[in-house]
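Given next are the chains, with one letter for each unit.
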Amino acid sequence: MNRIIRPHPRPWASRRLVCLGFAGGGTVGFRPWARQLPVDVELRALCYPGRESRFGDRVTGGWQGLLDDCVEALRSEVRSPYVLYGHSMGALVAYEAARVLQERGAEGPESLVLSGHIAPQHWTGTGSAALAGAPDEDLASWLEATGGVPRAVLADPDLRSLAVDLLRMDMEAYSSYRYRPGERLRAAIHLMVGEAELSPLHEGWAELTDGPFSQEVLPGGHFFTPRVWGALPRHMPVFAGAAGAAGAAATAGVAGVAG
């Protein structure tokens, strides 16, 4: 079973960007980034249970089961060096997976890039628990309001039902997360926050690493703006300059072909 998706394989790559998604989400939102990265970086996306190639799988064991599944995928299917990126629930998964790998003395990410989540020591899970028990209509409304699912999906009754079921399954696991104090990370952390949801509760991420910490506030809310999200690797310090150049070169190439 392959839990790691490679939308644009680069077998020669010397580094990897591994993406972990938000609650209810899959790998589709990350795939367009693959060609924006420097030529020596390959994009990989971890597929959670219940979606895409893992349709029919369930998250068992609550939060711990989800985390164990992700840790095993990283340990067995990704070789170092790599950068681990997580958005929203994926930010917590990325952070905790990095902690587990460090505690086990296993190869882990050289740095973490996180977005869309307050520091874990401030997380209570109250909102996620409420969503996990909410009616389907409320979950569908939440998906529409946050912009995490394309409108075309929500307009189709079958796809909408599937999206709601996945969100509920993830929220049940997500709401059971509780921060446990422990060893600080050695990996660097870069945090990206949408200006509309910036809060003092984001500042606690700096306390969780002995490595460098940086933060960037970007336009928009939980998913930033579509334009920012579409080019998010350009805001990741480890890829920023080269990714921007790669994106410009790709644009120029497309313009040349069109012309």
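Residues numbered from 1 in each chain as written. Predicted model: local features only at pLDDT ≥ 70, side-chain atom pairs only at ≥ 80, totals over all residues. Heavy atoms only, no water.

(A) Layout of the packing of helix α1 (residues 62-77) against helix α2 (residues 89-103). Between α1 and α2, whose axes approach to 9 Å, the crossing angle comes to 65 degrees. At the point where α1 passes α2, the crossing takes the right-handed sense. Counted together, W63, L66, L67, C70, V71, L74 and R75 of α1 and M89, L92, V93, E96, A97, V100 and L101 of α2 form the full contact between these two elements. A breakdown of the residues in the contact of α1 with α2 according to their chemical character gives twelve nonpolar, no polar and two charged. (Axes fitted to C-alpha atoms, helices over the stretch in contact; angles between N-to-C directions. Helix = DSSP H or I, 4+ residues; strand = E, 2+ residues; numbered from the N terminus. Left-handed = near helix turned anticlockwise from the far one by under 90°. Contact = heavy atoms within 4.5 Å. Nonpolar A, V, L, I, M, F, W, Y, C, P; charged D, E, K, R; others polar.)

(B) Spotlight on the packing of aromatic side chains. Taken as a whole and judged by the stated rule, the model has ten aromatic pairs. An angle of 85 degrees between the planes, with centres 5.7 Å apart, marks the rings of Y95 and W205 as edge-to-face. Placement of the pair is Y95 in helix α2 and W205 in the loop between β6 (188-194) and β7 (213-218), with a sequence separation of 110 residues. The pair formed by Y95 and W205 is uniform in burial state, with each residue classed as buried. Seen in terms of ring centroids, W123 and Y174 are 4.6 Å apart; in terms of plane orientation they differ by 15 degrees. Their pairing is stacked. You can see W123 sitting in the loop between β5 (111-115) and α3 (126-132) and its partner Y174 sitting in helix α6 (residues 157-174), a full 51 residues away along the chain. (Phe/Tyr/Trp six-rings, centres within 6.5 Å; stacked < 30°, edge-to-face > 60°. Buried < 20%, exposed > 50% of the residue type's maximum accessible area, 1.4 Å probe, protein only.)

(C) Here's a closer look at helix α4 (residues 136-146). Those residues of α4 not exposed but buried are L139, A140 and L143. In an axial view of α4, the angular spread of the buried residues amounts to 100 degrees, which keeps them on one side of the axis. Facing away from the buried side of α4 by more than 90 degrees, the exposed set consists of E137 and A145. (Arc of directions from axis to C-beta.)

(D) Just α6, in detail. Over its 18 residues, α6 runs 25 Å from end to end, which matches the ideal 26 Å to within 8%, given 1.5 Å per residue. Of all the positions in α6, only A163, V164, L166, L167, R168, M169, D170, M171, A173 and Y174 are classed as buried. Along its buried surface, α6 packs onto α1, α2, α3, α4 and α5 (151-155). Between the side-chain oxygen of the N-cap and the backbone nitrogen of D158 there are 3.0 Å, and the N-cap of α6 in question is D156. (Expected span 1.5 Å × (residues − 1). Polar contact = N/O pair within 3.5 Å; in protein donor to acceptor, adjacent residues only side chain to side chain.)

(E) How the structure looks around a nonpolar patch on the surface. Residues F55, L159 and L162 make up a contiguous nonpolar surface patch of roughly 290 Å² in combined accessible area. Counting through the fold element by element, L162 comes out in helix α6. For L162, a relative accessible area of 31% gives the class partly exposed. (Patch = residues over 30% accessible without salt bridge, like charges linked within 9 Å, V, L, I, M, F, W, Y side chains within 5 Å. Areas by Shrake-Rupley, 256 points an atom, 1.4 Å probe, with all protein chains shown as cover. Salt bridge = Lys/Arg side-chain N within 4 Å of Asp/Glu carboxyl O.)

(F) Unusual backbone geometry, seen in detail. The linkage connecting S80 with the following residue, P81, adopts the cis geometry, with an omega of 0 degrees. Relative to the assigned elements, P81 resides in the loop between α1 and β4 (82-87). Although it is not a glycine, S88 adopts a positive phi angle of roughly 55 degrees. Tracing the backbone through its elements, the reader meets S88 in the loop between β4 and α2. The residue F224 is not glycine, and still its phi comes out positive at about 60 degrees. Assignment of secondary structure puts F224 in the loop between β7 and α7 (226-230). Its relative accessible area of 8% is what places F224 among the buried residues.

The quantities given are spatial measurements derived from coordinates; they are silent on function.
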